[in-house]
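Letter by letter, the chains look like this.
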Amino acid sequence: MRLAPSALHLLALAGLAASLATPAAAHRRWLLPSVTVFAGDKGLASVDAAASNALFAFDHRALGLDALAVTGPDGKPVTPVVIGRGEMRSAFDVPLAQPGTYRIALAMNGLMGSYMLDGKKQRWRGTRARLSELPATATDVELSENLGRVETFVTLGAPSTTALAAAGQGLEMLPVTHPNDIVAGEPAEMRFVMDGKPAAGLKVEFVAGGTRHRDDAGIQTLTTDADGIARFTAPTPGFYYIEADMEGGTAAAAGPGQKPIKRRASYTAVLEFLPQ
């Protein structure tokens, strides 16, 4: 049976949501910009999107770009130029037409689970906007929600903060130290929040790129404080990877008599620590 375009799109989004919210032990997902800090009146950031075993090698698969969103320095969307998708990586360009900081993100949430209908167990996946499609007579509805965010940041000229505002949903990193104004040897502070509230006690992995060429991956595991703040110090300049995920918590049930929706969230980011 040939699926309608809308159904194909839904399956793609659900698959991306699941891939963005996989455990930390799975393949690492990242957006890697060619350059993070640009001078002049305009610029162009070229970005690779992939999931890999080694950082930042193309050794597993490309990330889909259906949920790609770029926020400009004025807080408005910026249209990226998608170059294409291969087996191992996707690539796109972000035109930098105004000074300030741009937030580049893949952010998705998806629901999946099951229900009973006429004595038979049925599988379901979709989004919150499609919950009304569940049959009114369905029973034993059990759903879980996966929220995932993959990010990086680039700046043209002087750094700005408008694009760094919280979305208020899922696990997010809110920079205390500007993400394009960090240098090796000095601590950078980042606040993690879940649905806008401090994610205290969150375990965050911090890894330098180039793991393919090291015997020891050099993974640092940091813990956020009561305000959700973690402090990262890079010993040498370069691109670094941040990853965190959390389980637990529930959202309101999909309907009367149904179980609360279980939630799981993940966050990854690539930051560049510059030379002093």
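What you see is a predicted model; the values in this text were computed from it and never measured. Within any chain, residue numbers begin from 1 and follow the written order of that chain's sequence. Where totals are concerned, whole chains, interfaces and linings use all residues; where local detail is concerned, this predicted model gives features only for residues with pLDDT of at least 70, and gives and counts side-chain atom pairs only at 80 or more. With hydrogens and water excluded, all non-hydrogen atoms of the structure serve as input to the side-chain values.

*Asks:* Teacher, can you tell me more about the pattern of salt bridges here?
*Replies:* Where charged atoms from two side chains of opposite charge come close, those side chains can pair. By salt bridge we mean one thing: a side-chain nitrogen of Lys or Arg within 4 Å of a carboxyl oxygen of Asp or Glu. Following the criterion strictly, the structure yields 13 salt bridges and no others. A salt bridge links Glu-205 to Arg-28, with the nearest nitrogen and oxygen atoms 3.1 Å apart. With Glu-205 in strand E15 (residues 203-208) and Arg-28 in strand E1 (residues 28-33), the pair connects residues that are 177 residues apart, well separated along the chain. By the burial criterion, Glu-205 is buried, and Arg-28 matches it. Asp-245 is the partner of Arg-264 in a salt bridge, and the nearest nitrogen-oxygen pair spans 3.1 Å. Separated by 19 residues along the polypeptide, Arg-264 in strand E19 (residues 261-273) and Asp-245 in strand E18 (residues 238-251) bring together distant segments of the chain. Taking relative accessible area as the criterion, Arg-264 reaches 11% and is therefore assigned buried. Classification of Asp-245 as partly exposed rests on a relative accessible area of 24%. A run of H or I in DSSP becomes a helix once it reaches four residues, and a run of E becomes a strand once it reaches two; helices and strands are each numbered from the N terminus. Exposure is judged per residue with a 1.4 Å probe applied to protein chains only, and the accessible area is read against the type maximum: over 50% gives exposed, under 20% gives buried, and values in between give partly exposed.

*Asks:* Where do I start with the packing of aromatic side chains in this structure?
*Replies:* Working definition: an aromatic ring pair is given by the centre-to-centre distance plus the angle between the planes. In this scheme Phe, Tyr and Trp rings, the latter by its six-membered ring, pair at centre separations within 6.5 Å, and the angle between planes marks the pair as stacked below 30 degrees, edge-to-face above 60, and tilted otherwise. Under the criterion given, the structure shown has 8 aromatic pairs. With a centroid separation of 5.2 Å and an interplanar angle of 80°, the aromatic rings of Trp-30 and Phe-56 are classed as edge-to-face. Of this pair, Trp-30 sits in strand E1 while Phe-56 sits in the loop between strand E3 (43-52) and strand E4 (61-62); the two residues are 26 residues apart in sequence, bridging distant segments of the chain. Phe-56 matches Trp-30 in its accessibility class, with the two residues each being buried. Centre to centre, the rings of Tyr-240 and Phe-273 are 5.2 Å apart; their planes meet at 70°, and the pair counts as edge-to-face. With a gap of 33 residues between them, Tyr-240 in strand E18 and Phe-273 in strand E19 connect regions that are remote in the sequence.

*Asks:* Sorry if this is basic, but what is going on with the confidence of the model for the chain here?
*Replies:* Interpreting fine coordinate detail is not advised for predicted regions of low pLDDT. This prediction gives the chain a mean pLDDT of 87; 87% of its residues lie at or above 70. pLDDT gives the predictor's per-residue confidence on a scale running from 0 to 100. Contacts are assigned to residue pairs with any non-hydrogen atoms lying within 4.5 Å of each other. A low-confidence stretch, residues 1-25 stays under pLDDT 50, and its non-local contacts, those more than four residues away or across chains, total 41 contacts.

*Asks:* Any chance you could explain the environment of Arg-123 here in plain terms?
*Replies:* Following the sequence through the fold, Arg-123 ends up in strand E10 (residues 120-126). Owing to a relative accessible area of 65%, Arg-123 belongs among the exposed residues under this scheme. The spacing of Arg-123 and Glu-142 is 19 residues in sequence and 9.8 Å in space, taken between C-alpha atoms. Contact partners of Arg-123, with chain neighbours within four places excluded, come to Gly-113, Ser-114 and Tyr-115.

*Asks:* Where do I start with the nonpolar core in this structure?
*Replies:* Across soluble globular proteins, nonpolar side chains have a tendency to be buried as a group. In terms of nonpolar packing, the biggest core is built from 27 residues, with Met-173, Phe-192, Phe-232 and Phe-273 touching the most fellow members. Within the residue set of this core, elements represented by two or more residues are strand E11 (139-156), strand E12 (171-175), strand E13 (188-194), E15, strand E17 (229-232), E18 and E19. With 5 residues, E19 is the largest single contributor of residues to this core. Counting 20 residues, the second-largest nonpolar core is a separate cluster that includes Ala-51, Val-78, Val-150 and Val-154. Residue types Ala, Val, Leu, Ile, Met, Phe, Trp, Tyr and Cys, when buried and joined through side-chain atoms within 4.5 Å, form a set referred to as a nonpolar core.

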